[in-house]
Amino acid sequence: MLDKIKQAVLDGEMEGIAELTNQALTQGIGAREILDQALTPAMDIVGEEYEKGDRYVPEMLISAETMKGAVTVLKPLLVEAGVKARGKVVIGTVEGDLHDIGKDLVAMMLEGAGFEVVNLGAEVTAEQFAKAAKEHGPDILGMSALLTTTMIHMPEVIDALKEVDDLRDQIKVIIGGAPVTQGYADKIGADGYAPDAASATKLAKSLV
Ligand code: B12
C-alpha cells in the first residue's frame, strides 16, 4: 500500500490519491507512516530527478499536487497526533511582480517536505511582508522575483524586517527567481538562495 501511494505521487495520479490514502488508513496504516514512508520519499525522488534533469517543471507540479491531495486527507490526523511541522515559512513574490508559478512550486514542495507555509501571493510590498512576518512568526521568509526591475525590492523587505521588533534577527531570509543569484543574496544580506524548488526545500531544511 505504501509503495502504491509512493508510486502514485511519482506518477502524478492526482485523481486517485485521496481514495488510496483513505484505503491505507482503513487498513490500519498510520498517517505518520504514510507521510514518512511513502509521501516524503516520493517527493525526495521527484526533487532528485528534477535536479538531474530527468523531470520537468510540469511533472514536478503534478507530483506536488498529488502529494498535497494525500496531505489534505492526512492533515487532521497528523494535527491530532501532534506531529509538529518542520517549521513555518512565509513566502511571496515581491512588489510589482506577478510571476507566481515558481514561487507556488517552491511553496508546494516546502509543504510536501513538512513545512507549514503561508503563501502571501504575488505583488507583496515590503510592509505586507513585514506585517505577515509579525503576525505569523515564521522561521523562514521566502521572496521570489522574476524581473530585474523587481528584485531590487528584496533588500527593502529585509530593511522592513529590521524595523519591526528586530524581526530580522529571528527569521532566516531566502530568495529565488530567475534573475536572482547567490551573489545577489550575499550582497543584500539574505541567508540563502536556491535556483529551484528542490534545492529550496533542501535549503529550508538546513536553515531550521
Ligand atoms: C510565465 C511568464 C509570465 C506570465 C506570468 C504568469 C504567472 N502567473 O506567473 C505573464 C504572461 C503574466 C508574464 C508577464 C510579464 N513578464 Co514574464 N515570463 C514568464 C516566463 C515565460 C516563465 C516564468 C515561469 O513561470 N517559469 C517557471 C518557473 C517554475 O520557474 P521560476 O519562476 O524561475 O521559479 C523557479 C526558480 O526560480 C526558483 N524560485 C522561484 N521563486 C523562488 C523563491 C525562493 C524563496 C526560492 C528559494 C526559489 C525560488 O524555484 C522555482 C521552481 O523551480 C519567463 C521566462 C522564463 N523562462 O523564465 C518570462 C519573464 C520572466 N517575463 C519577463 C517579462 C519582461 C515580463 C513582462 C514585463 C512582459 C510585459 N512586457 O508585459 C510582464 C511583467 C508582469 C509583471 N508585472 O510581473 C522577462 C523578464 C526579463 C527580466 N530579466 O526582467 C522573462 C525572463 C521573459 C524574457 N526572456 O524576456 N510573464
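Just so we're clear, the structure is a prediction, and the values are computed from it rather than from any experiment.

The rules behind the values
- Residues numbered from 1 in each chain as written.
- Predicted model: local features only at pLDDT ≥ 70, side-chain atom pairs only at ≥ 80, totals over all residues.
- Heavy atoms only, no water.
- Axes fitted to C-alpha atoms, helices over the stretch in contact; angles between N-to-C directions.
- Helix = DSSP H or I, 4+ residues; strand = E, 2+ residues; numbered from the N terminus.
- Parallel < 35°, antiparallel > 145°, perpendicular 65-115°, else oblique.
- Left-handed = near helix turned anticlockwise from the far one by under 90°.
- Contact = heavy atoms within 4.5 Å.
- Donors = N, O, S within 2.8 Å, 3.2 Å for Na, K, Ca; no water.
- Domains from an automatic or database assignment.
- Buried area = accessible area lost by both parts, 1.4 Å probe.

Q: Tell me about the packing of helix 1 (residues 2-11) against helix 2 (residues 17-26), and please be specific about residues and values.
A: Packing of helix 1 against helix 2 brings their axes to within 10 Å, and their N-to-C directions diverge by 165°. Taken together, the axis directions place helix 1 and helix 2 in an arrangement best described as roughly antiparallel. By crossing handedness, the relation of helix 1 to helix 2 is classed as left-handed. Contact residues: helix 1 offers Lys4, Ile5, Ala8 and Val9, while helix 2 offers Ile17, Leu20, Thr21 and Ala24.

Q: I'd like a rundown of the coordination of the cobalt atom of the ligand, residues and numbers included.
A: With respect to protein ligation, the cobalt atom of the ligand binds only His99 (NE2), at 2.3 Å. Note that His99 resides in the loop between strand 1 (88-93) and helix 5 (101-112).

Q: Can you lay out the domain arrangement of the protein for me, pointing to particular residues and giving the numbers?
A: How large an interface is tends to be reported as the accessible area lost when its parts come together. With domains assigned, the protein is organised as domain 1 (2-80) and domain 2 (88-207). Between domain 1 and domain 2, the C-alpha centre-to-centre distance is 25 Å. Taken together, the contact between domain 1 and domain 2 spans 13 residues of the former and 11 residues of the latter. For the pair domain 1 and domain 2, the two sides together bury roughly 1100 Å², of which 73% comes from carbon and sulfur.

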